[in-house]
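# Geometric and topological summary
This is what each chain is made of:
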Amino acid sequence: MTETLTVLGLESSCDDTAAAVVRRTAEGPQVMSSVVWGQDELHADFGGVVPEIAARAHAERLDICVERALEQAGLALGEVDAIAVTAGPGLIGGVLSGVMCGKGLSVGSGKPLLGVNHLAGHALTPRMTDQVAYPYLMLLVSGGHCQFLAVYSEDHFKRLGGTIDDAPGEAFDKTAKLLGLGYPGGPLVEKEALRGDNARFKLPRPLLDRPGQDMSFSGLKTALRRARDLLVDDKGGLTRQDRADLCASFQMAVADTLGEKTRRACLVFQDVAKAQKPVLAVAGGVAANSVIRASLQQVADSTGFEFLAPPLKFCTDNAAMIAWAGLERFSKGFRDDLTLAARPRWPLDREAAPMLGSGKKGAKA
Ligand code: KG4
Ligand code: ZN
């Protein structure tokens with residue numbers, strides 16, 4: 001018999017302040033509420049997340065999000081079984097705000113506290129949304145992360161490769177900034193690309209010539225800048241068509257690179273995990289991109305994997321995934337206490353060698 005458990009989750013590791021209540025009954029998981037208070041407007045002028053601004057906003061907004069999440073779930077704090085909070089990896093000021101808030105709620109209510117790895121939250125989301133069985137393959141691809149994970153349990157992840165520098169979302173954001181499109185860049189680049197020719201600029205497909213599943217996106221960004229500068233030098237500026245063609249060529253390069261590396265990760269995963277019905281799941285904001293999704297779907301079809309993309313609101317940063325990861329840990333007997341530390345870096349796979357570079361938002365990657 002599955003015990004009914006209800007967990008309040010908090011998330012504040014990047015630029016979304018979030019709180020949620022998730023319950024698991026014999027019938028399965030249920031997201032009772034999920035409140036996300038984004039900060040795009042606070043960071044838009046800077047073309048990226050400013051850590052100090054983010055931390056202050058989290059500190060001001062967390063308790064409001066918690067109140068709303070409990071209210072929408074129709075519960076009082078005393079009615080949850082545990083409190084789960086992102087304890088890393090992420091921008092340290094924001095993580096600290098969340099951990100302090102979680103500790104305060106735990107002390108005040110007498111409810112157990114669980115520190116959750118933000119990446120585990122993303123990686124376990126397909127279990128909350130689709131009750132996917134272990135093991136499965138996960139591609140985390142967002143503004144801060146890019147890695148392949150074999151997910152064996154709520155506490156056992158094996159990293160099968162990842163970016164050695166920027167995350168793709170970061171590259172999308174920088175491309176948008178270079179082309180004067182705004183922030184966050186991903187959706188704006190995708191929209192521009194609709195009118196563009198994806199074969200006009202020959203941009204690199206980094207690391208495809210090397211074996212393995214590691215990726216690199218910083219060279220692609222530099223190649224895009226060079227292509228733009230050549231046009232500007234030549235004609236004194238960019239036409240709308242130039243901009244659309246640059247976006248389409250860039251997006252295609254990312255989709256091709258992710259597609260091929262994912263194909264390799266699928267083969268490696270099956271080699272080690274030998275799953276009966278292998279599943280390729282994806283999470284992170286970049287998974288919203290339809291060209292990238294199509295590329296991943298094609299890879300899944302050709303390698304015999306089922307492709308699973310949870311609803312976008314649970315793919316991007318949210319607290320339901322943290323509540324769920326906390327719930328899975330709680331049900332296995334894990335507990336934290338007031339010594340819980342906020343960790344800017346916290347690799348999921350404790351045995352994997354640290355990656356060389358980690359990008360500007362590297363603390364999360
Ligand atoms: O998962 P997320 O909300 O936050 C973290 O980075 O953790 O992902 C945000 C990232 C941003 O870099 C954004 O530009 C990118 O995801 N993104 C996209 C699209 N929508 C969001 N990238 C490409 N195409 C999109 N449609
Ligand atoms: Zn995230």
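Notes on the structure in this doc start here.

## Comments concerning helix H9 (residues 290–303)
Compared with the 20 Å implied by 1.5 Å per residue over 14 residues, the 20 Å span of H9 between its first and last C-alpha is a close match. Restricting attention to buried positions, one finds in H9 the residues Ile 292, Ser 295, Leu 296, Val 299 and Ala 300. When H9 is viewed along its axis, its buried side chains cluster within an angular range of 135 degrees and face the same direction. Exposed residues pointing more than 90 degrees away from the buried face of H9 are listed as Gln 298, Asp 301 and Ser 302. Close packing links the buried residues of H9 with strand E6 (136–141), helix H5 (168–178), helix H8 (240–273), strand E9 (279–283) and strand E10 (306–308). N-capping of H9 is provided by Asn 289, with a side-chain oxygen placed 3.0 Å from the backbone N of Val 291. Gly 304 sits one or two residues past H9 and shows a positive phi near 80 degrees.

## Some words on the pairing of E6
Taking burial as the measure, the six residues of E6 include six buried ones, the bulk of the element. Along E6, one buried face is formed by Tyr 136, Met 138 and Leu 140 and the opposite face, lined by Leu 137, Leu 139 and Val 141, is buried too. With six bridges connecting them, E6 and strand E7 (residues 146–153) associate as antiparallel partners. Within E7, the position partnered with Tyr 136 by the bridge is Val 151. Counting the residues between successive antiparallel strands, the hairpin from E6 to E7 contains four residues.

## Examining the sheet that holds E7
Here five strands make up an open sheet; going across it, the order is E8-E7-E6-E9-E10 and the pairing mixed. Each of the sheet's edge strands pairs with one partner strand only, and the pair in question is strand E8 (156–162) and E10. On average, each strand axis in the sheet is tilted by 25 degrees relative to the strand beside it, whichever way the strands run. On the sheet, helix H4 (residues 118–130) packs against E6, E7, E8, E9 and E10 and is oriented at approximately 125 degrees with respect to E6.

## Some details on the sheet that holds strand E3 (residues 28–38)
Sheet strands pair by backbone hydrogen bonding; their relative direction is either parallel or antiparallel. With mixed pairing, five strands are arranged side by side in an open sheet as E3-E2-E1-E4-E5. The sheet is open, and its two edges are formed by E3 and strand E5 (113–117), each paired on a single side. Going across the sheet, the axis of each strand differs from the next one's by a mean of 20 degrees, ignoring polarity. Two elements, strand E4 (residues 82–88) and E5, share five bridges in a ladder whose sense is parallel. Residue pairing across strands places Gly 88 opposite Asn 117, the latter belonging to E5. Set on the sheet, helix H3 (residues 92–109) makes contact with strand E1 (5–11), E4 and E5; between it and E4 the angle comes to about 160 degrees.

Calculation rules
Residues numbered from 1 in each chain as written. Chains lettered and ligands numbered in written order. Predicted model: local features only at pLDDT ≥ 70, side-chain atom pairs only at ≥ 80, totals over all residues. Heavy atoms only, no water. Helix = DSSP H or I, 4+ residues; strand = E, 2+ residues; numbered from the N terminus. Expected span 1.5 Å × (residues − 1). Buried < 20%, exposed > 50% of the residue type's maximum accessible area, 1.4 Å probe, protein only. Arc of directions from axis to C-beta. Contact = heavy atoms within 4.5 Å. Polar contact = N/O pair within 3.5 Å; in protein donor to acceptor, adjacent residues only side chain to side chain. Pairing = 2+ DSSP bridges. Axes fitted to C-alpha atoms, helices over the stretch in contact; angles between N-to-C directions.

Shape descriptors only; they carry no functional weight alone.
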